[in-house]
Amino acid sequence: MKDKSILIVDDDPAICFAFKKTFATLHFTTEEAYNGIEAINKINQNKPTLIFMDITMPEMDGLAALEKIKKINPLIPIIVITGDGNMETAIRAMKMGAFDYLTKPLDIEKVRITAQRAIELMQMKNQIDELQHQLKNKEEGTNIIGQHSQMQDLFKKIGVISNTPNTTNVLILGETGTGKELVARVIHENGSHSTQPFQAINCTVLPENLLESELFGHEKGAFTGADHRKPGKFELAGEGTLFLDEIGDMPETLQKKLLRVIQERSFERLGGNEQIKLNARIIAATHRELKDAVKKGTFREDLYYRLNVMEVVLPPLRDRKEDIPLLANYFLNKYTDRLEKKFTGITSEVMKTLSRYSFPGNVRELENIIERAVVLERGEVLSMQSLPQGLLIDESDKSVNIPILSKEFSSAKKIIIEAFEKKFLLERLKETRGNVSEAARIAGIERQSFQRLMKKYNLSSEDFKL
């Protein structure tokens, strides 16, 4: 709260002096104005961090001044003070944009706390605005798009985390496709070590022995085939960031070794004795429920708490559907430029269809849908004909609800069974994004039988590969 200025607007010099004395001990500079007109003049000359303003004053009262100041600079927090505790006055002041409302006689401690809270919230808002501005001006790969309140909270948290030291570990939780690596990169790029390397590794793609070597590195001769020294991700990250994706799938033996690295902030290459200092921030991510994994004993509790110093939870796209049009247009522009095609927009019917869809694959799935549509669309507006068949299923139809079109039992039964079979196939293909083998496994039937049914109902797995 250093180097901040407060404008005190009150026609009572004793009140102004009391404020000045209170905030002088907190390293604030203060200015006084004795009516609303003087306050507005000072606002035009200087930009205070915070304003305390009385309501009852000569020439121009506090509410009139509040209205005018908000037009001049709506971002300055204004705390209204008055000797009249009238409810209507308080409500009116808050509706006009006052940050808070205090009544006389003033409690100096409450004044100080309210001032601190106003300034901290204003600083946080500035950080969010600045971060969003930076995100919009970043290269294509580091954009986070979203106006939903959950995304605004996310931007705020990224701003806070980016200002923490590299010893502060971060755990990012969220479903597949929500953008966990993207968030990790944005945290890195907005931190004080943004010029240092960003190293990423997926804990599920390599066998345990290779994953260990990739993380720790190895010395020449450490194992068969190790014909030269190789630095690992811990070392290559330097003073930057090491991103451990799908940490929930890390083998238990490596969990123990990772815990030791985090605790001691040092490690050894495989086959070596040299202690190498860990200087990078560790950001881990998973789509799994780690708390459940801890309870089941498949993930170490002590490692969970070491990683989860700062937790970031990414919302699924279905919980922020207001962002779908924004994201869809962003991806349309992205792939229009990349594929050198011309588009003027997206039809309202397509946008309604996208907004109804549940997006099990989240933002990544939406991006794939738009990219595919840009490739297939022949006109200049993205239309329904470019959407995959799996997207056109009515999401509101949660059960088989087929009218009985025949009074004859066997005919009616056939209609209902065929309707059920088709819907069942569609749901399994949607769920597996066109992976026929996986769909058949989930369904509990032979792959060949599943394919015969697909042929019967003229279904293609390609329509579900979003």
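Since this is a predicted model, take the numbers as computed values, not measurements.

A. Highlighting the overall build of the protein chain. From N to C terminus, the protein chain includes 18 helices and 16 strands. Expressed as a percentage of the 466 residues in the protein chain, the buried residues total 46%. Residue pairs in contact within the protein chain that sit at least 24 positions apart in sequence constitute 68% of those at least 6 positions apart. A total accessible area of about 24600 Å² is found for the protein chain, and carbon and sulfur atoms account for 49% of it.

B. Seen up close, the nonpolar core. Grouped together as the largest cluster of nonpolar side chains are 31 residues, with contacts concentrated most on F234, L244, I247, L258 and F299. Of all the secondary-structure elements, those providing two or more residues to this core are β6 (170-173), α8 (208-216), β10 (241-245), α10 (252-264), β13 (281-286), α11 (290-296) and α12 (301-307). Element by element, the count of residues in this core is highest for α10, at 5 residues. Every residue in contact with L244, bar those within four places of it in the chain, is listed here: I201, C203, L215, L258, I282, I283, A284 and A285. Grouped together as the second largest cluster of nonpolar side chains are 23 residues, L327, F331, L332 and F359 included.

C. Inspection of α8 at higher detail. What α8 keeps buried is the set L211, E212, S213, L215 and F216. Buried residues in α8 make contact with β7 (198-202), β8 (217-218), α9 (233-236), β10, α10 and β11 (266-267). Just downstream of α8, G217 is the residue with a positive phi angle, here 80°.

D. Region of interest: the sheet that holds strand β3 (residues 50-54). Here 5 strands make up an open sheet; going across it, the order is β2-β1-β3-β4-β5 and the pairing parallel. Across the chains shown, the open sheet's two edge strands, defined by having one partner strand only, are β2 (28-33) and β5 (100-103). Neighbour-to-neighbour, the strand axes of the sheet open up by a mean angle of 20°, direction not taken into account. Bridge count between strand β4 (residues 78-82) and β5: 4 bridges; the pairing is parallel. Paired with I79 across the two strands is D100, which belongs to β5. Relative to the sheet, helix α1 (residues 13-24) contacts β1 (4-9), β2, β3 and β4, its axis offset from that of β2 by approximately 170°. Together, β1, β2 and β3 form the strand contacts of helix α2 (residues 36-45), whose direction differs from that of β2 by roughly 135°.

E. Representation of the side chain of T286. Turning to its location among the elements, T286 is positioned in strand β13. At 3.0 Å, the side chain of T286 and the backbone nitrogen of R288 are in polar contact. Beyond its immediate sequence surroundings of up to four residues, T286 is in contact with I172, L173, G174, K180, E246, I247 and G248.

F. View of the sheet that holds β10. Spatial strand order, β7-β10-β13-β6-β14: 5 strands in an open sheet with parallel pairing. Strands with a single pairing partner mark the edges of an open sheet, and in this sheet they are β7 and β14 (310-313). Taken over all neighbouring pairs, the strand axes of this sheet differ in orientation by 15° on average, direction set aside. Where β6 meets β14, 4 bridges bridge the pair, whose relative direction is parallel. When the bridges of β14 are listed, L171 appears paired with E311.

G. Highlighting the pattern of salt bridges. Summed over the entire model, instances satisfying the criterion amount to 22 salt bridges. R318 is the partner of E175 in a salt bridge, and the nearest nitrogen-oxygen pair spans 2.4 Å. Note that E175 is positioned in the loop between β6 and α7 (180-189) and R318 in the loop between β14 and α13 (324-338), a separation of 143 residues in sequence. E219 is the salt-bridge partner of R269, the closest N and O atoms lying 2.8 Å from each other. With R269 in the loop between β11 and β12 (276-277) and E219 in the loop between β8 and β9 (230-231), this pair connects stretches of sequence that are 50 residues apart. A single burial state applies to R269 and to E219, both of which are buried. Salt bridges here are not isolated pairs; linked through shared partners, they connect E219, R229, E235, R269 and E274.

H. Spotlight on a nonpolar patch on the surface. A grouping of L339, V375 and L376 is seen on the molecular surface, where their side chains present a nonpolar patch of about 250 Å² in accessible area. On the secondary structure map, L339 appears in the loop between α13 and β15 (345-346).

I. Just unusual backbone geometry, in detail. Each neighbour pair has its own omega, and for K104 with P105 the value is 0°, a cis peptide bond. With respect to the element layout, P105 can be found in the loop between β5 and α5 (108-137). For F359, which is not glycine, the phi dihedral falls at a positive 50°. Within the element layout of this structure, F359 appears in the loop between α14 (348-356) and α15 (362-376). Judged by its relative accessible area of 0%, F359 falls in the buried class.

J. Representation of the packing of α13 against α14 in the model. α14 packs onto α13 with a crossing angle of 120° between their chain directions and a minimal axis gap of 10 Å. When the axes of α13 and α14 are compared, the pair comes out oblique. For the element pair α13 and α14, the recorded crossing hand is right-handed. Note on element contacts: α14 touches α13 through M351, L354 and S355, opposite I324, P325, A328 and N329. In the contact of α13 with α14, the residues fall into 5 nonpolar, 2 polar and no charged.

K. How the structure looks around the packing of α8 against α10. In the contact formed by α8 and α10, the axes pass within 11 Å of each other and the chain directions differ by 15°. By the angle between their directions, the pair α8 and α10 is classed as roughly parallel. When the axes of α8 and α10 are compared, the crossing they make is right-handed. When α8 is examined against α10, the residues E208, L211, E212 and F216 are found in contact with a partner set consisting of T253, L254, K257 and V261. Classifying every residue of the contact of α8 with α10 gives 4 nonpolar, 1 polar and 3 charged.

What counts and what doesn't
- Residues numbered from 1 in each chain as written.
- Predicted model: local features only at pLDDT ≥ 70, side-chain atom pairs only at ≥ 80, totals over all residues.
- Heavy atoms only, no water.
- Helix = DSSP H or I, 4+ residues; strand = E, 2+ residues; numbered from the N terminus.
- Buried < 20%, exposed > 50% of the residue type's maximum accessible area, 1.4 Å probe, protein only.
- Contact = heavy atoms within 4.5 Å.
- Areas by Shrake-Rupley, 256 points an atom, 1.4 Å probe, with all protein chains shown as cover.
- Core = buried A, V, L, I, M, F, W, Y, C linked by side-chain atoms within 4.5 Å.
- Pairing = 2+ DSSP bridges.
- Axes fitted to C-alpha atoms, helices over the stretch in contact; angles between N-to-C directions.
- Polar contact = N/O pair within 3.5 Å; in protein donor to acceptor, adjacent residues only side chain to side chain.
- Salt bridge = Lys/Arg side-chain N within 4 Å of Asp/Glu carboxyl O.
- Patch = residues over 30% accessible without salt bridge, like charges linked within 9 Å, V, L, I, M, F, W, Y side chains within 5 Å.
- Parallel < 35°, antiparallel > 145°, perpendicular 65-115°, else oblique.
- Left-handed = near helix turned anticlockwise from the far one by under 90°.
- Nonpolar A, V, L, I, M, F, W, Y, C, P; charged D, E, K, R; others polar.

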